[in-house]
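One letter stands for each residue in the lines below.
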Amino acid sequence: MKQSEVKNLSVAELEQKLTELKKTHSELKMAHAISPIENPLTIRSLRRDIARVASELTRRELQ
């Protein structure tokens, strides 16, 4: 997910996306702890997507 895509979402959509991404991230971390997943870089990209969405939410709250 790119920053330009994040900026086009509404606040409600951002909050929904954030919870969805966090859930997916925790599931992938658990799966990776049990048996290594095929592409561990997906965990990193999910973590960065979570940060993008959270940063955008914070930025909008401060405005």
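Residues numbered from 1 in each chain as written. Predicted model: local features only at pLDDT ≥ 70, side-chain atom pairs only at ≥ 80, totals over all residues. Heavy atoms only, no water.

Undergrad: Lay out the overall build of the protein chain in plain terms, naming residues and giving numbers.
TA: Assigned secondary structure in the protein chain consists of three helices and zero strands. For the protein chain, the succession of helices and strands along the chain, N to C, is α-α-α. Every one of the 63 residues in the protein chain was classed for burial, and the buried ones make up 21%. (Helix = DSSP H or I, 4+ residues; strand = E, 2+ residues; numbered from the N terminus. Buried < 20%, exposed > 50% of the residue type's maximum accessible area, 1.4 Å probe, protein only.)

Undergrad: I'd love a proper account of the side chain of Asp-49, names of residues and values included.
TA: With respect to the helices and strands, the residue Asp-49 is situated in helix α3 (residues 41-62). Exposure remark for Asp-49: the relative accessible area of 12% places this residue in the buried category. With sequence-adjacent residues up to four places away left out, Asp-49 is seen in contact with Met-1 and Leu-21. (Contact = heavy atoms within 4.5 Å.)

Undergrad: So what about helix α2 (residues 11-34)? Which residues, and what values?
TA: Over its 24 residues, α2 extends 35 Å from the first C-alpha to the last, a length consistent with the 34 Å expected when each residue adds 1.5 Å. For α2, the set of buried residues is Leu-14, Leu-18, Leu-21 and His-25. Contacts made by the buried residues of α2 are with α1 (3-7) and α3. (Expected span 1.5 Å × (residues − 1).)

Undergrad: Go over the side chain of His-25, please, and point to the residues and values.
TA: The topology assignment puts His-25 in helix α2. Contact partners of His-25, with chain neighbours within four places excluded, come to Ile-43, Leu-46, Arg-47 and Ile-50.

Undergrad: Please provide a residue-by-residue account of the environment of Thr-58, values included.
TA: For Thr-58, the location among the structural elements is in helix α3. You can call Thr-58 partly exposed: its relative accessible area is 43%. One polar contact links the side chain of Thr-58 to the main-chain carbonyl oxygen of Ala-54, over a distance of 2.9 Å. (Polar contact = N/O pair within 3.5 Å; in protein donor to acceptor, adjacent residues only side chain to side chain.)

Undergrad: Outline a positive patch on the surface, listing residues and values.
TA: Together, Lys-29, Arg-44, Arg-47 and Arg-48 give the surface a local cluster of positive charge. Position of Arg-47 among the secondary structure elements: in helix α3. (Patch = residues over 30% accessible without salt bridge, like charges linked within 9 Å, V, L, I, M, F, W, Y side chains within 5 Å. Areas by Shrake-Rupley, 256 points an atom, 1.4 Å probe, with all protein chains shown as cover. Salt bridge = Lys/Arg side-chain N within 4 Å of Asp/Glu carboxyl O. Lys, Arg positive; Asp, Glu negative; His and termini not counted. Charge placed at Lys NZ, Arg CZ, Asp CG, Glu CD.)

Undergrad: I'd love a proper account of the nonpolar core, names of residues and values included.
TA: If you look at the biggest cluster of nonpolar residues, it comprises eight residues: Val-6, Leu-14, Leu-18, Leu-21, Leu-46, Ile-50, Val-53 and Leu-57. Sorting the residues of this core by element identifies α2 and α3 as the ones contributing at least two each. Take this core: its biggest share by element is four residues, from α3. With near-sequence residues (within four places) excluded, Leu-57 lies in contact with Val-11, Leu-14, Glu-15 and Leu-18. (Core = buried A, V, L, I, M, F, W, Y, C linked by side-chain atoms within 4.5 Å.)

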